[in-house]
Amino acid sequence: MPALSLPGSKSITARALFLAAAADGVTTLVRPLRSDDTEGFAEGLVRLGYRVGRTPDTWQVDGRPQGPAAAEADVYCRDGATTARFLPTLAAAGHGTYRFDASPQMRRRPLLPLSRALRDLGVDLRHEEAEGHHPLTVRAAGVEGGEVVLDAGQSSQYLTALLLLGPLTRRGLRIRVTDLVSAPYVEITLAMMRAFGVEVAREGDVFVVPPGGYRATTYAIEPDASTASYFFAAAALTPGAEVTVPGLGTGALQGDLGFVDVLRRMGAEVSVGADATTVRGTGELRGLTANMRDISDTMPTLAAIAPFASAPVRIEDVANTRVKECDRLEACAENLRRLGVRVATGPDWIEIHPGPATGAQVTSYGDHRIVMSFAVTGLRVPGISFDDPGCVRKTFPGFHEAFAELRRGIGS
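Residues numbered from 1 in each chain as written. Predicted model: local features only at pLDDT ≥ 70, side-chain atom pairs only at ≥ 80, totals over all residues. Heavy atoms only, no water.

## Considerations on the pairing of strand E3 (residues 51-54)
Then comes step 1: Relative to strand E4 (residues 58-62), E3 is paired through 4 bridges, and the arrangement is antiparallel. If you follow Arg54 over to E4, its bridge partner there is Trp59.
Then comes step 2: Counting the residues in the hairpin turn of E3 and E4 gives 3 residues. (Pairing = 2+ DSSP bridges. Helix = DSSP H or I, 4+ residues; strand = E, 2+ residues; numbered from the N terminus.)

What follows is the structure in structure tokens.
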């Protein structure tokens, strides 16, 4: 199987768009992800008055350290959690009245810890309907800064939003974090802020963000490690199959590359080089217990291959997957049961037993990761179909074509 060319990281593209918009000068983003989420983020910036030039391989953003050019804007965030959480935070640093709304799916997802933190910093932020959910209006007058306490136990995006805001405040920020999930995503944020000229200090549970703004730069987006997990899992599931993803290696920013360590524990051969990662199926897939708190976006990927392990697979510490695009933990359990697989669940865990599976229609709940994960299951179970295969456009519009090509390449 030749090396796979995968789309850019959604997480990195979203952060890069925020940083580029906030920076002093013109930033060029190289190989950004083009998907519904990132197009929605870019469109939101345009609605706020930022200039975003888009060609197939590069996006250019004219930064405005002083905040949005528009004095008023109505921004639709689509399904994008990063869009829905980062853009109101960016707008708060400017001067004007900005209204944000999102899809019904995104309206259900929580926002309250971030809203509370912004209000504690003096931001006039009002939720129009359900408290802690979209739609909301920000009446922005800049942010003074200072100390704030944040619970990021539901989503690390709350912390990322405040970290990104810090350099745009007049005094900088001291963010005291009481709980944190998906910590590697925060490391991505800190590394990217460094690339745009800002160094964040840590004092125990406190993140110290200096004022002074960002410098524009040229920034290359690495391939999406969460997306790569489906292709790595396909290799692990198929004896003799080999998948290599260039651009993801030892220097990769994304914690989700750690999924290959789970595959290694299960019996796959894994090689992580300086600029590429390769997974090879050995014909062995062992059961295991895996704590996936830090790589919870890959929980459905592991759940989807778990029935083919030699012993039960137990995935722990993934309560936050219940507040993603859908309740992913329950969605995985329900779909596996539909295929005839024995599953048990608890508040923050799922245990999947090995056994034969039969084809059925998978309910996607509009969640791209459910569809992409169970496409891997389909390598071993004929007759799997999806009620909404097109929801992959959120992060990978060409997924089905790419996966069909992989399937041909590994002879499944």
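So, next bit.
## Let's talk about the pairing of strand E6 (residues 95-101)
Then comes step 1: Across 5 bridges, strand E5 (residues 72-76) lies against E6 in parallel orientation. Bridging from a neighbouring strand, Tyr76 pairs with Asp101 of E6.
Then comes step 2: Where the polypeptide runs from E5 across helix H3 (residues 81-92) and back to E6, its parallel neighbour, the crossover connection is right-handed.
Then comes step 3: With 6 bridges joining them, E6 and strand E8 (residues 136-141) adopt antiparallel strand pairing. Looking at E8, one finds that Thr97 is bridged to Arg139. (Right-handed = clockwise from strand over helix to strand, strands pointing away.)

## Looking at the nonpolar core
Then comes step 1: Phe100, Leu162, Leu163, Ile175 and Tyr214 are the most contacted members of the largest nonpolar core, which has 73 residues in total.
Then comes step 2: It is helix H1 (residues 10-22) that provides the largest number of residues to this core, a total of 9 residues.
Then comes step 3: Contacts of Leu163, omitting those with residues within four sequence positions, involve Ile175, Val186, Thr189, Leu190, Met193, Val200, Phe207, Val209 and Tyr214.
Then comes step 4: Counting 71 residues, the second-largest nonpolar core is a separate cluster that includes Val260, Ala268, Ile295 and Val313. (Core = buried A, V, L, I, M, F, W, Y, C linked by side-chain atoms within 4.5 Å. Buried < 20%, exposed > 50% of the residue type's maximum accessible area, 1.4 Å probe, protein only. Contact = heavy atoms within 4.5 Å.)

## Here's the deal with the sheet that holds strand E7 (residues 124-127)
Note on sheets: strands pair through backbone hydrogen bonds, and any given pair is parallel or antiparallel.
Then comes step 1: Spatial strand order, E5-E6-E8-E7: 4 strands in an open sheet with mixed pairing. The open sheet has two edge strands with one neighbour each: E5 and E7. Direction aside, neighbouring strands of the sheet carry axes that sit 15 degrees apart on average. (Axes fitted to C-alpha atoms, helices over the stretch in contact; angles between N-to-C directions.)

## Let's talk about the sheet that holds E4
Then comes step 1: As summarised here, the arrangement of the 4 strands in space is E3-E4-E2-E14, forming an open sheet in which the pairing is mixed. Each edge of the open sheet is held by one strand with a lone partner, namely E3 and strand E14 (218-220). Between one strand axis and the next, the sheet turns through 15 degrees on average, direction left out of account.
Then comes step 2: In this sheet, E4 lies alongside strand E2 (residues 26-30) in antiparallel orientation, the contact comprising 5 bridges. Looking across to E4, one finds that Val26 is bridged to Asp62.

## Notes on the packing of helix H12 (residues 368-377) against helix H13 (residues 399-410)
Then comes step 1: Following both chains from N to C, one finds H12 and H13 inclined at 15 degrees, their axes separated by 11 Å at the closest point. With respect to each other, H12 and H13 are oriented roughly parallel. The element H12 and its partner H13 pack so that their crossing is right-handed. Judged by residue contacts, Val371, Met372, Ala375 and Val376 of H12 engage Phe399, His400 and Phe403 from H13. (Parallel < 35°, antiparallel > 145°, perpendicular 65-115°, else oblique. Left-handed = near helix turned anticlockwise from the far one by under 90°.)

## Topic: the packing of aromatic side chains
Then comes step 1: Applying the stated criterion to the full structure yields 8 aromatic pairs.
Then comes step 2: Here Phe231 and Phe396 contribute two aromatic rings whose centre-to-centre distance is 6.5 Å and whose plane-to-plane angle is 45 degrees, an arrangement assigned as tilted. On the criterion of sequence distance, the pair formed by Phe231 in helix H8 (residues 225-237) and Phe396 in the loop between strand E23 (385-386) and H13 is long-range, its members being 165 residues apart. We note that Phe231, like Phe396, is buried.
Then comes step 3: In textbook terms, an aromatic cluster arises when at least three aromatic residues are bridged by ring pairs, as seen for Tyr230, Phe231, Phe396, Phe399 and Phe403.
Then comes step 4: The cationic tip of Arg54 hangs over the ring face of Trp59; the distance from NZ or CZ to the ring centre is 5.9 Å.
Then comes step 5: Of note, Arg314 hangs over the ring of Trp349, and the distance from its end group to the ring centre comes to 4.2 Å. (Phe/Tyr/Trp six-rings, centres within 6.5 Å; stacked < 30°, edge-to-face > 60°. Lys NZ or Arg CZ within 6 Å of the ring centre and 35° of its normal.)

## Brief notes about the side chain of His127
Then comes step 1: Among the structural elements, His127 can be located in strand E7.
Then comes step 2: Classification of His127 by relative accessible area gives buried; the value is 10%.
Then comes step 3: At 2.7 Å, the side chain of His127 forms a polar contact with the side chain of Ser115.
Then comes step 4: Engagement of the side chain of His127 in a polar contact is seen with the backbone oxygen of His133, the distance being 2.7 Å.
Then comes step 5: Leave out the neighbours within four places in its chain, and His127 touches Leu111, Ser115, Arg119, Gly132, His133, His134, Pro135 and Leu136. (Polar contact = N/O pair within 3.5 Å; in protein donor to acceptor, adjacent residues only side chain to side chain.)

## Looking at the pattern of salt bridges
Then comes step 1: If you walk through the whole model with that rule in mind, you get 37 salt bridges.
Then comes step 2: A salt bridge links Asp36 to Arg78; the nearest nitrogen and oxygen atoms lie 3.0 Å apart. Residue Asp36 is located in helix H2 (residues 36-47), and its partner Arg78 is located in the loop between E5 and H3; the two are separated by 42 residues in the primary sequence.
Then comes step 3: You can call Asp36 partly exposed: its relative accessible area is 24%.
Then comes step 4: Here Arg337 and Glu330 are joined by a salt bridge, their closest N and O atoms 3.9 Å apart.
Then comes step 5: Residues joined in a network through salt bridges with shared partners are Lys10, Asp37, Arg109, Asp297, Lys324, Glu325, Arg328, Asp367 and Lys394. (Salt bridge = Lys/Arg side-chain N within 4 Å of Asp/Glu carboxyl O.)

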